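Okay, here's what each chain looks like letter by letter:
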Amino acid sequence: MILVTGGAGFIGANFVLDWLRVSDEPVVNLDALTYAGNLQNLASLKGDARHIFVQGDICDRELIDRLLAEHRPRAIVHFAAESHVDRSIHGPGDFIRTNVNGTFTLLEAARGYWSALEADAKAAFRFHHVSTDEVYGSLGPNDPAFTETKTYEPNSPYSASKAASDHLVRAWHHTYGLPVTTSNCSNNYGPYHFPEKLIPLMIANALAGKPLPVYGDGQQIRDWLFVTDHCSAIRAVLASGTPGEVYNVGGWNEKPNIDIVHTLCALLDELKPDPAGSYTRLITYVTDRPGHDRRYAIDARKIERELGWRPAETFETGIRKTVEWYLANQDWVAQVLSGAYREWVEKNYAERN
Ligand code: NAD
Ligand code: DAU
(Lines give C-alpha, C1' and ligand atoms only; values in the text may rest on other atoms or scores of the structure.)
(Ligands and ions follow the chains in the order given, each with its own letter.)
Protein backbone atom coordinates (compact mmCIF):
# COMPACT_ATOMS: atom_id res chain seq x y z
CA MET A 1 0.00 0.00 0.00
CA ILE A 2 0.93 3.64 -0.22
CA LEU A 3 0.73 6.45 2.34
CA VAL A 4 -0.61 9.74 0.98
CA THR A 5 -0.45 12.99 2.97
CA GLY A 6 -2.93 15.79 2.28
CA GLY A 7 -5.30 13.48 0.44
CA ALA A 8 -8.42 15.41 1.45
CA GLY A 9 -7.27 18.57 -0.34
CA PHE A 10 -7.73 19.51 -3.98
CA ILE A 11 -4.93 17.61 -5.71
CA GLY A 12 -4.51 14.94 -3.01
CA ALA A 13 -8.18 13.94 -3.20
CA ASN A 14 -8.07 13.81 -7.01
CA PHE A 15 -4.94 11.66 -6.71
CA VAL A 16 -6.54 9.21 -4.26
CA LEU A 17 -9.72 8.94 -6.36
CA ASP A 18 -7.68 8.40 -9.52
CA TRP A 19 -5.33 5.93 -7.87
CA LEU A 20 -8.20 3.72 -6.74
CA ARG A 21 -9.82 4.02 -10.18
CA VAL A 22 -6.74 2.57 -11.88
CA SER A 23 -5.39 0.22 -9.19
CA ASP A 24 -6.47 -1.90 -6.24
CA GLU A 25 -3.47 -0.97 -4.12
CA PRO A 26 -4.80 0.45 -0.83
CA VAL A 27 -4.13 4.01 0.31
CA VAL A 28 -3.63 5.29 3.84
CA ASN A 29 -4.64 8.92 3.65
CA LEU A 30 -3.21 11.17 6.39
CA ASP A 31 -4.76 14.64 6.45
CA ALA A 32 -5.19 17.20 9.23
CA LEU A 33 -8.45 18.50 7.69
CA THR A 34 -7.47 22.15 7.82
CA TYR A 35 -9.84 24.64 6.16
CA ALA A 36 -8.61 23.21 2.81
CA GLY A 37 -9.22 19.54 3.63
CA ASN A 38 -12.69 18.22 2.93
CA LEU A 39 -13.96 14.68 3.38
CA GLN A 40 -16.76 15.44 0.92
CA ASN A 41 -14.06 15.23 -1.77
CA LEU A 42 -13.71 11.55 -0.88
CA ALA A 43 -17.40 10.78 -0.36
CA SER A 44 -17.45 8.35 -3.31
CA LEU A 45 -14.98 6.12 -1.39
CA LYS A 46 -17.32 5.61 1.55
CA GLY A 47 -17.24 1.92 2.52
CA ASP A 48 -14.29 1.20 0.21
CA ALA A 49 -11.84 -0.91 2.24
CA ARG A 50 -8.96 0.18 -0.01
CA HIS A 51 -9.10 3.69 1.48
CA ILE A 52 -8.07 4.22 5.10
CA PHE A 53 -8.50 7.81 6.23
CA VAL A 54 -6.56 9.07 9.26
CA GLN A 55 -7.10 12.59 10.57
CA GLY A 56 -3.73 13.80 11.80
CA ASP A 57 -0.86 16.22 11.42
CA ILE A 58 2.34 15.63 9.45
CA CYS A 59 4.18 17.38 12.30
CA ASP A 60 3.15 14.55 14.65
CA ARG A 61 6.15 12.20 14.56
CA GLU A 62 4.63 9.63 16.88
CA LEU A 63 1.56 9.29 14.69
CA ILE A 64 3.60 8.93 11.50
CA ASP A 65 5.88 6.32 13.09
CA ARG A 66 2.79 4.39 14.16
CA LEU A 67 1.19 4.56 10.69
CA LEU A 68 4.40 3.41 8.99
CA ALA A 69 4.86 0.51 11.44
CA GLU A 70 1.23 -0.57 11.15
CA HIS A 71 0.66 -0.25 7.39
CA ARG A 72 4.20 -0.83 6.01
CA PRO A 73 3.71 1.31 2.85
CA ARG A 74 5.98 0.83 -0.16
CA ALA A 75 5.79 4.56 -0.91
CA ILE A 76 4.86 7.91 0.58
CA VAL A 77 3.29 10.54 -1.66
CA HIS A 78 3.52 13.89 0.11
CA PHE A 79 0.89 16.51 -0.84
CA ALA A 80 0.08 18.00 2.57
CA ALA A 81 0.87 21.70 2.64
CA GLU A 82 -0.48 25.14 3.18
CA SER A 83 -0.95 26.06 -0.47
CA HIS A 84 -2.45 29.52 -0.94
CA VAL A 85 -0.09 32.42 -1.72
CA ASP A 86 -2.47 35.14 -0.47
CA ARG A 87 -2.91 33.35 2.87
CA SER A 88 0.89 33.07 3.17
CA ILE A 89 1.09 36.85 2.86
CA HIS A 90 -1.47 37.36 5.65
CA GLY A 91 -0.01 34.67 7.94
CA PRO A 92 3.25 32.93 6.99
CA GLY A 93 3.63 30.99 10.27
CA ASP A 94 1.42 28.05 9.30
CA PHE A 95 3.37 27.72 6.04
CA ILE A 96 6.69 27.35 7.86
CA ARG A 97 5.16 24.89 10.32
CA THR A 98 3.50 22.54 7.82
CA ASN A 99 5.59 22.95 4.69
CA VAL A 100 9.01 23.07 6.36
CA ASN A 101 8.69 21.42 9.78
CA GLY A 102 6.04 18.99 8.56
CA THR A 103 8.15 17.85 5.61
CA PHE A 104 11.16 17.53 7.93
CA THR A 105 9.15 15.38 10.34
CA LEU A 106 7.90 13.17 7.53
CA LEU A 107 11.40 12.76 6.07
CA GLU A 108 12.82 11.76 9.44
CA ALA A 109 10.03 9.25 10.04
CA ALA A 110 10.46 7.88 6.50
CA ARG A 111 14.22 7.58 7.01
CA GLY A 112 13.77 5.61 10.23
CA TYR A 113 11.24 3.26 8.61
CA TRP A 114 13.16 2.85 5.35
CA SER A 115 16.51 2.17 7.08
CA ALA A 116 15.04 -0.86 8.83
CA LEU A 117 13.48 -2.43 5.70
CA GLU A 118 14.78 -5.65 4.14
CA ALA A 119 17.07 -5.08 1.14
CA ASP A 120 14.40 -5.61 -1.58
CA ALA A 121 11.77 -3.44 0.10
CA LYS A 122 14.43 -0.85 0.82
CA ALA A 123 15.44 -0.63 -2.82
CA ALA A 124 11.82 -0.40 -3.99
CA PHE A 125 10.72 2.24 -1.44
CA ARG A 126 9.95 5.78 -2.68
CA PHE A 127 9.28 9.11 -1.01
CA HIS A 128 7.59 11.35 -3.57
CA HIS A 129 7.49 15.06 -2.78
CA VAL A 130 4.85 17.15 -4.55
CA SER A 131 6.18 20.64 -5.18
CA THR A 132 5.48 23.68 -7.29
CA ASP A 133 6.91 25.75 -10.14
CA GLU A 134 6.72 28.83 -7.87
CA VAL A 135 10.05 27.88 -6.25
CA TYR A 136 11.80 28.97 -9.48
CA GLY A 137 10.62 32.59 -9.20
CA SER A 138 9.18 34.87 -11.86
CA LEU A 139 9.95 34.93 -15.59
CA GLY A 140 10.24 37.88 -17.97
CA PRO A 141 8.14 37.78 -21.16
CA ASN A 142 10.94 36.31 -23.30
CA ASP A 143 12.66 34.08 -20.74
CA PRO A 144 12.77 30.35 -21.46
CA ALA A 145 10.39 28.15 -19.46
CA PHE A 146 11.62 26.66 -16.15
CA THR A 147 13.78 23.56 -16.51
CA GLU A 148 14.75 21.34 -13.57
CA THR A 149 18.12 23.12 -13.35
CA LYS A 150 16.67 26.64 -13.05
CA THR A 151 17.97 28.44 -9.94
CA TYR A 152 15.56 28.71 -7.03
CA GLU A 153 14.23 32.27 -6.56
CA PRO A 154 11.08 31.97 -4.44
CA ASN A 155 9.31 35.29 -3.87
CA SER A 156 6.37 34.62 -1.52
CA PRO A 157 6.30 33.09 1.95
CA TYR A 158 4.46 30.14 0.34
CA SER A 159 7.05 29.53 -2.38
CA ALA A 160 9.93 30.08 0.07
CA SER A 161 8.47 27.42 2.38
CA LYS A 162 8.04 25.00 -0.54
CA ALA A 163 11.60 25.74 -1.70
CA ALA A 164 12.84 24.95 1.81
CA SER A 165 10.98 21.64 1.75
CA ASP A 166 12.45 20.79 -1.68
CA HIS A 167 15.95 21.39 -0.31
CA LEU A 168 15.28 19.14 2.68
CA VAL A 169 14.04 16.36 0.40
CA ARG A 170 17.12 16.72 -1.79
CA ALA A 171 19.44 16.65 1.22
CA TRP A 172 17.80 13.52 2.69
CA HIS A 173 18.65 11.75 -0.56
CA HIS A 174 22.21 12.99 -0.86
CA THR A 175 23.11 12.55 2.79
CA TYR A 176 21.12 9.51 3.87
CA GLY A 177 20.34 7.85 0.55
CA LEU A 178 16.56 8.05 1.07
CA PRO A 179 15.04 7.19 -2.35
CA VAL A 180 13.18 10.43 -3.02
CA THR A 181 11.68 11.91 -6.16
CA THR A 182 10.29 15.45 -6.51
CA SER A 183 7.86 16.93 -9.02
CA ASN A 184 7.49 20.68 -9.56
CA CYS A 185 4.15 21.34 -11.15
CA SER A 186 2.43 24.37 -12.61
CA ASN A 187 -1.05 25.68 -11.69
CA ASN A 188 -3.67 22.93 -11.45
CA TYR A 189 -7.39 23.31 -12.04
CA GLY A 190 -10.36 20.95 -12.05
CA PRO A 191 -12.92 19.34 -9.70
CA TYR A 192 -12.68 19.96 -5.92
CA HIS A 193 -10.52 23.09 -6.36
CA PHE A 194 -11.06 25.25 -3.28
CA PRO A 195 -12.74 28.55 -4.27
CA GLU A 196 -10.04 30.77 -2.78
CA LYS A 197 -7.99 30.11 -5.96
CA LEU A 198 -8.49 32.00 -9.23
CA ILE A 199 -10.59 29.61 -11.33
CA PRO A 200 -13.09 28.29 -8.75
CA LEU A 201 -13.34 31.71 -7.10
CA MET A 202 -14.30 33.33 -10.42
CA ILE A 203 -16.89 30.61 -11.13
CA ALA A 204 -18.40 30.88 -7.63
CA ASN A 205 -18.48 34.69 -7.70
CA ALA A 206 -19.96 34.82 -11.20
CA LEU A 207 -22.78 32.44 -10.26
CA ALA A 208 -23.47 34.53 -7.16
CA GLY A 209 -23.50 37.78 -9.20
CA LYS A 210 -20.47 39.08 -7.28
CA PRO A 211 -17.47 41.04 -8.67
CA LEU A 212 -14.72 39.02 -10.37
CA PRO A 213 -11.60 40.47 -8.69
CA VAL A 214 -8.66 40.60 -11.10
CA TYR A 215 -5.39 41.52 -9.34
CA GLY A 216 -3.37 44.39 -10.88
CA ASP A 217 -3.52 44.54 -14.67
CA GLY A 218 -4.54 40.87 -15.08
CA GLN A 219 -1.59 40.24 -17.40
CA GLN A 220 0.20 37.82 -15.06
CA ILE A 221 0.77 34.48 -16.76
CA ARG A 222 0.28 31.03 -15.29
CA ASP A 223 0.77 27.65 -17.01
CA TRP A 224 -2.41 25.59 -16.43
CA LEU A 225 -2.68 21.82 -16.04
CA PHE A 226 -5.86 19.79 -15.54
CA VAL A 227 -5.56 18.09 -12.16
CA THR A 228 -5.91 14.48 -13.36
CA ASP A 229 -2.92 15.08 -15.65
CA HIS A 230 -0.91 16.04 -12.56
CA CYS A 231 -2.10 12.80 -10.93
CA SER A 232 -0.98 10.70 -13.90
CA ALA A 233 2.40 12.47 -13.89
CA ILE A 234 2.93 11.58 -10.22
CA ARG A 235 1.97 7.97 -10.92
CA ALA A 236 4.53 7.91 -13.74
CA VAL A 237 7.27 9.28 -11.47
CA LEU A 238 6.37 6.80 -8.75
CA ALA A 239 6.45 3.91 -11.21
CA SER A 240 9.59 4.75 -13.18
CA GLY A 241 11.25 7.90 -11.82
CA THR A 242 14.89 7.75 -10.76
CA PRO A 243 15.62 8.36 -7.06
CA GLY A 244 17.18 11.76 -6.48
CA GLU A 245 15.67 13.19 -9.68
CA VAL A 246 13.35 16.17 -10.11
CA TYR A 247 10.61 16.27 -12.77
CA ASN A 248 8.87 19.43 -13.94
CA VAL A 249 5.19 18.92 -14.77
CA GLY A 250 3.16 21.36 -16.84
CA GLY A 251 0.45 21.61 -19.43
CA TRP A 252 2.11 23.81 -22.09
CA ASN A 253 -0.78 26.21 -21.44
CA GLU A 254 0.51 29.67 -20.63
CA LYS A 255 -2.39 32.11 -20.24
CA PRO A 256 -2.74 35.63 -18.82
CA ASN A 257 -5.19 35.75 -15.91
CA ILE A 258 -7.56 38.10 -17.70
CA ASP A 259 -7.87 35.59 -20.57
CA ILE A 260 -8.77 32.87 -18.06
CA VAL A 261 -11.49 35.08 -16.61
CA HIS A 262 -12.88 35.85 -20.08
CA THR A 263 -12.86 32.13 -20.96
CA LEU A 264 -14.79 31.32 -17.78
CA CYS A 265 -17.32 34.08 -18.49
CA ALA A 266 -17.84 32.79 -22.05
CA LEU A 267 -18.40 29.20 -20.83
CA LEU A 268 -20.83 30.36 -18.16
CA ASP A 269 -22.63 32.58 -20.69
CA GLU A 270 -23.10 29.45 -22.78
CA LEU A 271 -23.91 26.90 -20.05
CA LYS A 272 -25.74 29.04 -17.47
CA PRO A 273 -26.74 32.34 -19.10
CA ASP A 274 -27.60 35.16 -16.71
CA PRO A 275 -30.66 37.21 -17.71
CA ALA A 276 -28.82 40.29 -16.38
CA GLY A 277 -26.24 39.97 -19.21
CA SER A 278 -22.78 38.54 -19.85
CA TYR A 279 -20.76 37.64 -16.77
CA THR A 280 -17.98 39.87 -18.13
CA ARG A 281 -19.91 42.81 -16.66
CA LEU A 282 -18.71 41.60 -13.23
CA ILE A 283 -14.96 41.84 -14.03
CA THR A 284 -13.37 44.27 -11.56
CA TYR A 285 -9.69 45.21 -11.39
CA VAL A 286 -8.46 45.34 -7.78
CA THR A 287 -5.23 46.13 -5.93
CA ASP A 288 -2.45 43.74 -6.89
CA ARG A 289 -1.02 40.93 -4.73
CA PRO A 290 2.20 42.14 -2.98
CA GLY A 291 5.28 40.66 -4.68
CA HIS A 292 3.08 39.17 -7.41
CA ASP A 293 5.08 36.87 -9.73
CA ARG A 294 4.58 37.97 -13.33
CA ARG A 295 4.99 34.77 -15.28
CA TYR A 296 5.44 31.03 -14.73
CA ALA A 297 6.11 28.56 -17.54
CA ILE A 298 7.14 24.92 -17.25
CA ASP A 299 9.42 23.08 -19.61
CA ALA A 300 8.02 19.55 -19.25
CA ARG A 301 10.31 17.87 -21.77
CA LYS A 302 12.28 15.82 -19.23
CA ILE A 303 9.28 13.89 -17.89
CA GLU A 304 8.08 13.30 -21.44
CA ARG A 305 11.49 12.14 -22.66
CA GLU A 306 12.37 9.96 -19.67
CA LEU A 307 8.97 8.69 -18.49
CA GLY A 308 6.78 9.11 -21.57
CA TRP A 309 4.28 11.36 -19.74
CA ARG A 310 2.20 13.94 -21.58
CA PRO A 311 -1.01 15.69 -20.48
CA ALA A 312 -4.20 14.10 -21.83
CA GLU A 313 -6.32 17.27 -21.64
CA THR A 314 -5.98 20.45 -23.64
CA PHE A 315 -6.89 23.66 -21.85
CA GLU A 316 -10.12 23.85 -23.85
CA THR A 317 -11.31 20.36 -22.84
CA GLY A 318 -10.14 20.71 -19.24
CA ILE A 319 -11.68 24.11 -18.55
CA ARG A 320 -15.04 23.04 -20.02
CA LYS A 321 -15.04 19.91 -17.83
CA THR A 322 -14.20 22.11 -14.84
CA VAL A 323 -17.04 24.58 -15.38
CA GLU A 324 -19.45 21.70 -16.00
CA TRP A 325 -18.28 20.04 -12.76
CA TYR A 326 -18.90 23.20 -10.71
CA LEU A 327 -22.34 23.66 -12.25
CA ALA A 328 -23.22 20.03 -11.46
CA ASN A 329 -21.81 20.20 -7.92
CA GLN A 330 -23.33 23.33 -6.46
CA ASP A 331 -23.99 21.47 -3.18
CA TRP A 332 -20.25 20.92 -2.76
CA VAL A 333 -19.62 24.62 -3.44
CA ALA A 334 -22.34 25.69 -0.99
CA GLN A 335 -20.87 23.48 1.74
CA VAL A 336 -17.39 24.90 1.16
CA LEU A 337 -18.53 28.53 1.19
CA SER A 338 -19.04 28.35 4.94
CA GLY A 339 -18.50 30.93 7.68
CA ALA A 340 -14.72 30.42 7.74
CA TYR A 341 -14.54 30.94 3.98
CA ARG A 342 -16.51 34.18 4.23
CA GLU A 343 -14.08 35.45 6.89
CA TRP A 344 -11.16 34.79 4.52
CA VAL A 345 -12.86 36.61 1.63
CA GLU A 346 -13.50 39.58 3.91
CA LYS A 347 -9.85 39.63 5.01
CA ASN A 348 -8.33 39.23 1.52
CA TYR A 349 -10.56 41.46 -0.54
CA ALA A 350 -11.77 44.17 1.87
CA GLU A 351 -8.57 46.19 1.57
CA ARG A 352 -8.29 45.93 -2.22
CA ASN A 353 -9.63 48.98 -4.09
P1 NAD B 1 -4.85 22.18 -0.70
O2 NAD B 1 -4.59 23.38 0.13
O3 NAD B 1 -6.11 22.07 -1.49
O4 NAD B 1 -4.78 20.87 0.22
C5 NAD B 1 -3.81 20.69 1.20
C6 NAD B 1 -4.22 19.51 2.07
O7 NAD B 1 -3.21 19.31 3.06
C8 NAD B 1 -5.53 19.75 2.82
O9 NAD B 1 -6.37 18.61 2.73
C10 NAD B 1 -5.10 19.99 4.26
O11 NAD B 1 -6.06 19.58 5.22
C12 NAD B 1 -3.83 19.16 4.33
N13 NAD B 1 -2.90 19.65 5.35
C14 NAD B 1 -2.50 20.93 5.56
N15 NAD B 1 -1.66 20.99 6.62
C16 NAD B 1 -1.52 19.72 7.08
C17 NAD B 1 -0.78 19.14 8.13
N18 NAD B 1 -0.02 19.87 8.95
N19 NAD B 1 -0.85 17.79 8.30
C20 NAD B 1 -1.64 17.02 7.50
N21 NAD B 1 -2.37 17.54 6.49
C22 NAD B 1 -2.31 18.87 6.28
O23 NAD B 1 -3.57 22.05 -1.64
P24 NAD B 1 -3.47 21.51 -3.13
O25 NAD B 1 -3.73 22.62 -4.06
O26 NAD B 1 -4.19 20.24 -3.24
O27 NAD B 1 -1.88 21.22 -3.19
C28 NAD B 1 -1.37 19.96 -2.80
C29 NAD B 1 0.15 19.98 -2.96
O30 NAD B 1 0.49 20.27 -4.31
C31 NAD B 1 0.84 21.06 -2.12
O32 NAD B 1 2.04 20.53 -1.64
C33 NAD B 1 1.10 22.18 -3.12
O34 NAD B 1 2.23 22.93 -2.74
C35 NAD B 1 1.36 21.40 -4.38
N36 NAD B 1 1.04 22.08 -5.65
C37 NAD B 1 -0.19 22.67 -5.83
C38 NAD B 1 -0.49 23.24 -7.06
C39 NAD B 1 -1.84 23.88 -7.35
O40 NAD B 1 -2.02 24.47 -8.39
N41 NAD B 1 -2.81 23.76 -6.44
C42 NAD B 1 0.47 23.23 -8.08
C43 NAD B 1 1.71 22.63 -7.85
C44 NAD B 1 1.99 22.05 -6.63
O1 DAU C 1 2.09 27.60 -9.79
C2 DAU C 1 1.65 26.61 -8.90
C3 DAU C 1 0.90 27.26 -7.76
O4 DAU C 1 -0.35 27.68 -8.27
C5 DAU C 1 0.71 26.34 -6.57
O6 DAU C 1 1.95 26.02 -6.02
C7 DAU C 1 -0.16 27.01 -5.50
O8 DAU C 1 -0.42 26.12 -4.44
C9 DAU C 1 -1.46 27.42 -6.14
O10 DAU C 1 -2.26 28.11 -5.21
C11 DAU C 1 -1.21 28.30 -7.36
O12 DAU C 1 -0.67 29.59 -6.97
P13 DAU C 1 -1.15 30.94 -7.68
O14 DAU C 1 -0.85 32.07 -6.79
O15 DAU C 1 -0.63 31.01 -9.08
O16 DAU C 1 -2.74 30.63 -7.76
P17 DAU C 1 -4.02 31.54 -7.49
O18 DAU C 1 -5.18 30.75 -7.99
O19 DAU C 1 -4.06 32.05 -6.10
O20 DAU C 1 -3.80 32.75 -8.47
C21 DAU C 1 -3.63 32.56 -9.87
C22 DAU C 1 -3.39 33.92 -10.49
O23 DAU C 1 -4.61 34.67 -10.40
C24 DAU C 1 -2.34 34.73 -9.77
O25 DAU C 1 -1.62 35.49 -10.74
C26 DAU C 1 -3.15 35.68 -8.88
C27 DAU C 1 -4.42 35.90 -9.67
N28 DAU C 1 -5.65 36.13 -8.87
C29 DAU C 1 -5.94 35.25 -7.87
C30 DAU C 1 -7.06 35.43 -7.09
C31 DAU C 1 -7.39 34.48 -5.96
C32 DAU C 1 -6.48 37.19 -9.17
O33 DAU C 1 -6.24 37.96 -10.11
N34 DAU C 1 -7.61 37.36 -8.40
C35 DAU C 1 -7.94 36.54 -7.36
O36 DAU C 1 -8.95 36.80 -6.68
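Higher on the page you've got the structure.
What counts as what
Residues numbered from 1 in each chain as written. Chains lettered and ligands numbered in written order. Predicted model: local features only at pLDDT ≥ 70, side-chain atom pairs only at ≥ 80, totals over all residues. Heavy atoms only, no water. Helix = DSSP H or I, 4+ residues; strand = E, 2+ residues; numbered from the N terminus. Buried < 20%, exposed > 50% of the residue type's maximum accessible area, 1.4 Å probe, protein only. Contact = heavy atoms within 4.5 Å. Areas by Shrake-Rupley, 256 points an atom, 1.4 Å probe, with all protein chains shown as cover. Lys, Arg positive; Asp, Glu negative; His and termini not counted. Charge placed at Lys NZ, Arg CZ, Asp CG, Glu CD. Expected span 1.5 Å × (residues − 1). Axes fitted to C-alpha atoms, helices over the stretch in contact; angles between N-to-C directions. Parallel < 35°, antiparallel > 145°, perpendicular 65-115°, else oblique. Left-handed = near helix turned anticlockwise from the far one by under 90°. Nonpolar A, V, L, I, M, F, W, Y, C, P; charged D, E, K, R; others polar. Near = heavy atom within 4 Å. Polar contact = N/O pair within 3.5 Å; in protein donor to acceptor, adjacent residues only side chain to side chain. Salt bridge = Lys/Arg side-chain N within 4 Å of Asp/Glu carboxyl O.

J.: Help me understand the overall build of the protein in this model?
T.: The number of helices and strands found in the protein is 13 helices and 12 strands. Structurally, the protein occupies a C-alpha span of about 65 × 50 × 40 Å along its principal axes. For the protein, the residues scored as buried account for 55% of the 353 residues in total. Considering only intrachain contacts with a sequence separation of at least 6, the fraction spanning at least 24 residues in the protein is 82%. On the protein, roughly 14700 Å² of surface is accessible, and the fraction owed to carbon and sulfur atoms is 51%. Here the protein carries 34 positive and 44 negative side-chain charges, and the mean point of each set is 1 Å from the other.

J.: Could you clarify how one ought to interpret helix H8 (residues 227-240) in this entry?
T.: Turn by turn, an α-helix covers 3.6 residues, leaving residues three or four places apart pointing in a common direction. Look at H8: 20 Å from first C-alpha to last across 14 residues, which is about the 20 Å you get at 1.5 Å a residue. When we look at burial in H8, the residues that qualify are Val227, Asp229, His230, Cys231, Ser232, Ala233, Ile234, Ala236, Val237 and Leu238.

J.: Explain helix H6 (residues 157-176) here, please?
T.: Between its terminal C-alpha atoms H6 stretches 28 Å, which fits the 28 Å expected from 20 residues at 1.5 Å a residue. By the burial criterion, the buried members of H6 are Tyr158, Ser159, Ser161, Lys162, Ala163, Ser165, Asp166, Val169, Trp172 and His173. Its buried side turned inward, H6 meets helix H3 (85-90), helix H4 (93-115), strand S5 (126-132) and strand S6 (180-185). Phi for Gly177, located one or two positions after H6, is positive at around 80°.

J.: Help me out: how do you make sense of the packing of H4 against H6 in this one?
T.: Two packed helices can be described by the angle between their axes and the distance between those axes. Running from N to C, H4 and H6 point in directions that differ by 15°, and their axes come no closer than 8 Å. Overall, the two elements H4 and H6 adopt an arrangement that is roughly parallel. The chirality of how H4 crosses H6 is right-handed. Of H6, the residues touching H4 (which contributes Phe95, Ile96, Asn99, Val100, Thr103, Phe104, Leu107, Glu108, Arg111 and Trp114) are Tyr158, Ser161, Lys162, Ala164, Ser165, Leu168, Val169, Trp172 and Tyr176. Each residue belonging to the contact of H4 with H6 can be placed in one class, and the counts come to 12 nonpolar, four polar and three charged.

J.: Honestly, the site of ligand 2 in this entry has me stumped. Any pointers?
T.: Near ligand 2 you find 24 residues, and of these Asp133, Tyr158, Arg289, His292 and Tyr349 are the closest. The separation between an oxygen atom of ligand 2 and a polar side-chain atom of Asp133 is 2.5 Å. The side chain of Arg289 places a nitrogen or oxygen atom 2.7 Å from an oxygen atom of ligand 2. In isolation ligand 2 offers 690 Å² of accessible surface; the protein chains occlude 95% of this area. Examining the composition of the shell around ligand 2, we find that three residues originate from one element, strand S8 (residues 212-215), more than from any other. Here the residues of the shell around ligand 2 are counted per class, giving 10 nonpolar, eight polar and six charged.

J.: Honestly, the pattern of salt bridges in this entry has me stumped. Any pointers?
T.: This model, assessed by the stated rule, comprises 21 salt bridges. The shortest N-O distance in the salt bridge between Arg97 and Asp57 comes to 2.6 Å. In this pair, Arg97 is assigned in helix H4 and Asp57 in the loop between strand S3 (51-55) and helix H2 (61-71), connecting sequence segments 40 residues apart. Judged by relative accessible area, Arg97 falls into the partly exposed class, the value being 37%. Among the salt bridges present, the one from Arg111 reaches Glu108, with a minimum N-O distance of 2.9 Å. Taken together, the residues span about one helical turn, with Arg111 and Glu108 both in helix H4 at a distance of three residues.

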